[in-house]
Amino acid sequence: MIVVMKPGASDDQVQHVIDLVRDFGLKDHPIYGTDRTVIACIGDKRAVDKGAIETAPMVERIVPILAPYKMASTEVKQTRTAIEVGPDKFPIGGNSVGLIAGPCSVENREQFLRVADAVKATGAIGIRGGAYKPRTSPYSFQGLQEEGLEILAEAGRNTGLAIVTEVVSVETVDVVAAHADVLQIGARNMQHYPLLEAVGKAGKPILLKRGLSAQLDEFLLAAEYIINAGNPDVILCERGIRTYEKYVRNTLPLASVPELNERSHLPVVVDPSHGTGHAHLVPAMCRAAIAAGADALIIECHADPEHALSDGAQCLTPDALAGLTGSLKRIAQAIGRDM
Ligand code: PEP
Ligand code: MN
């Protein structure tokens, strides 16, 4: 349920309600808006005396939260959430559309530092690259792991770009959080609940990818795990789902973008690289994603896609990426945003 305070409620009056909520064994999540404060209360409400809360000074009303995901839902928070990433604190979820690009994997220092400079030159706000790679085959390249994290951090220091990289296990959350600005939870781990709880305590924003066969409720409940563990900075990433269609690696359902925007205040990012699997489809899907309301794009980019150690077929070259940004900016402008 949500306790809605009247405009002008004092800090003491809000604290009094929080204390009452805690007395009933519920967890409180106050949200301080521009004209009023609301307190979302999570937990078992059967033993709660709603009347006692309702009659507290400056309480306007109590409303139930109907969505199964609570803190992620627009029922609790109507204003959009903007999450600041990287040293320049670029807000993902603000009026500007962000661009994050980089190779699927960090392959070696030279390769990564070079592509980082090229990505920076396109006006991107972040660079991606996997140091820990969840691969379908155990015989495929598994990533440079800690060495890869060092390279990512060096690229971050050189360029000022936000570093986005995947964390695949509970044991490596701390080391990844020490080197990266945004921790990615991969599609295969969207329902790895101990990992979601661990990144809920990591103190860095999380890019949560939609599972290969996850419905939107399940996706938002995965976000709820992270928020409930203490981290409100969750960025949702639509990366395509598994269907019977074969001309693409995954089917990119862009209607999920406006649907997620309706159900949740969290920012939504689209990954058209994994969402299609083919570089020639990526530019059109980037344009469509922005038109659909995405807050940022995350795109795979490699200087030599033919020799990439992973996902080469879906990588744009730095030149192709640079050539795309003009039309992306125009589409952002056409819907009242900038890029
Ligand atoms: C990736 O970003 O390289 C990746 C493995 O993505 P996903 O988890 O969406 O497959
Ligand atoms: Mn990849």
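Residues numbered from 1 in each chain as written. Chains lettered and ligands numbered in written order. Predicted model: local features only at pLDDT ≥ 70, side-chain atom pairs only at ≥ 80, totals over all residues. Heavy atoms only, no water.

Caption draft 1: Seen up close, the packing of helix H7 (residues 216–228) against helix H8 (residues 256–263). At a closest axis distance of 12 Å, the pairing of H7 and H8 adopts a crossing angle of 50 degrees. The orientation of H7 relative to H8 falls into the category oblique. Helix-helix and strand crossings are classified by hand; for H7 and H8 the assignment is right-handed. Where H7 abuts H8, its residues Leu-216, Asp-217, Phe-219 and Leu-220 lie against Ser-256, Glu-259, Leu-260 and Arg-263. Classifying every residue of the contact of H7 with H8 gives 4 nonpolar, 1 polar and 3 charged. (Axes fitted to C-alpha atoms, helices over the stretch in contact; angles between N-to-C directions. Helix = DSSP H or I, 4+ residues; strand = E, 2+ residues; numbered from the N terminus. Parallel < 35°, antiparallel > 145°, perpendicular 65-115°, else oblique. Left-handed = near helix turned anticlockwise from the far one by under 90°. Contact = heavy atoms within 4.5 Å. Nonpolar A, V, L, I, M, F, W, Y, C, P; charged D, E, K, R; others polar.)

Caption draft 2: Structural context of the pairing of strand S1 (residues 2–5). Here S1 shows two buried faces, one formed by Ile-2 and Val-4 and the other by Val-3 and Met-5. Here S1 pairs with strand S4 (residues 59–63) via 4 bridges, running antiparallel. Bridge assignment links Val-4 to a residue of S4, and that residue is Arg-61. Where S1 meets strand S3 (residues 37–42), 3 bridges bridge the pair, whose relative direction is antiparallel. Within the sheet, the bridge partner assigned to Val-3 lies in S3 and is Ile-39. (Buried < 20%, exposed > 50% of the residue type's maximum accessible area, 1.4 Å probe, protein only. Pairing = 2+ DSSP bridges.)

Caption draft 3: Fine view of the coordination of the manganese ion (ligand 2). At this site the manganese ion (ligand 2) is bound by Cys-104 (SG), His-274 (NE2), Glu-300 (OE) and Asp-311 (OD), with donor distances of 2.0 to 2.4 Å. One chain supplies every donor to the manganese ion (ligand 2), and in sequence these donors are spaced C-x169-H-x25-E-x10-D. Here the residue Cys-104 occupies a position in the loop between strand S7 (98–102) and helix H3 (109–121), and Glu-300 occupies one in strand S14 (residues 296–300), the gap between them amounting to 196 residues. (Donors = N, O, S within 2.8 Å, 3.2 Å for Na, K, Ca; no water.)

Caption draft 4: Spatial organisation of the environment of Pro-267. One can find Pro-267 in the loop between H8 and strand S13 (268–270). Exposure remark for Pro-267: the relative accessible area of 0% places this residue in the buried category. Separated by 116 residues in the primary sequence, Pro-267 and Ile-151 have C-alpha atoms spaced 28 Å apart. Beyond its immediate sequence surroundings of up to four residues, Pro-267 is in contact with Thr-81, Ile-83, Ile-92, Gly-93, Val-234, Ile-235, Leu-236 and Asp-295.

Caption draft 5: Just the environment of Thr-276, in detail. As for its placement among the helices and strands, Thr-276 is situated in helix H9 (residues 272–276). Taking the relative accessible area as the measure of exposure, Thr-276 reaches 4% and is therefore buried. Sequence-distant contacts of Thr-276, defined by excluding residues within four places in its chain, comprise Val-248, Arg-249, Asn-250, Leu-281, Val-282 and Met-285.

Caption draft 6: The side chain of Ser-310, seen in detail. With respect to the secondary-structure elements, Ser-310 resides in the loop between S14 and helix H11 (318–334). Residue class for Ser-310 comes out buried when judged on its relative accessible area of 3%. Here Ser-105 takes part through its side chain, which lies 2.6 Å from a polar atom of the side chain of Ser-310. Setting aside its immediate chain neighbours within four residues, Ser-310 contacts Cys-104, Ser-105, Glu-107, Lys-133 and Arg-135. (Polar contact = N/O pair within 3.5 Å; in protein donor to acceptor, adjacent residues only side chain to side chain.)

Caption draft 7: Spatial organisation of the domain arrangement of the protein chain. Each assigned domain of the protein chain is listed here: domain 1 (2–63) and domain 2 (83–334). Here the C-alpha centroids of domain 1 and domain 2 sit 37 Å apart. (Domains from an automatic or database assignment.)

Caption draft 8: Molecular detail of the site of ligand 1. Around ligand 1 sit Cys-104, Arg-128, Lys-133, Glu-166, Gln-184, Gly-186, Ala-187, Arg-188, Lys-209, Arg-239, His-274 and Glu-300, and that is every residue in its neighbourhood. In isolation ligand 1 offers 300 Å² of accessible surface; the protein chains occlude 97% of this area. A class-by-class count of the residues in the shell around ligand 1 yields 2 nonpolar, 3 polar and 7 charged. (Near = heavy atom within 4 Å. Areas by Shrake-Rupley, 256 points an atom, 1.4 Å probe, with all protein chains shown as cover.)

Caption draft 9: Quick peek at helix H4 (residues 146–159). Between its first and last C-alpha atoms H4 spans 20 Å; for 14 residues at 1.5 Å apiece the expected length is 20 Å, and the two agree. Here H4 has its buried residues at Gly-148, Leu-149, Ile-151, Leu-152, Ala-153, Glu-154, Ala-155, Gly-156 and Thr-159. Looking at the packing, one finds that the buried side of H4 touches H3, strand S9 (162–166) and helix H5 (173–179). Looking at the residues trailing H4, positive phi occurs at Gly-160, about 80 degrees. (Expected span 1.5 Å × (residues − 1).)

Caption draft 10: Main features of the sheet that holds S1. Spatially, the 4 strands line up as an open sheet ordered S2-S3-S1-S4, and their pairing is antiparallel. The sheet terminates laterally at strand S2 (27–32) and S4, the two strands that pair on one side only. Direction aside, neighbouring strands of the sheet carry axes that sit 20 degrees apart on average. Sheet topology note: the S2/S3 ladder contains 6 bridges and is antiparallel. Paired with Pro-30 across the bridge in S3 is Ile-39. Packed onto the sheet, helix H1 (residues 11–23) meets S1, S2, S3 and S4 and runs at close to 155 degrees relative to S2.

Caption draft 11: Local environment of the sheet that holds S14. The parallel closed barrel is built from 8 strands, whose spatial order is S7-S8-S9-S10-S11-S12-S13-S14. Direction aside, neighbouring strands of the sheet carry axes that sit 25 degrees apart on average. In this structure, S13 lies alongside S14, joined through 2 bridges in parallel fashion. Of the residues in S14, the one forming a bridge with Val-270 is Leu-297. Lying on the sheet, H7 is in contact with strand S11 (206–209) and strand S12 (234–238); it crosses S12 at an angle near 155 degrees. Contacts from H8 reach S12 and S13, with the element oriented near 165 degrees to S13.

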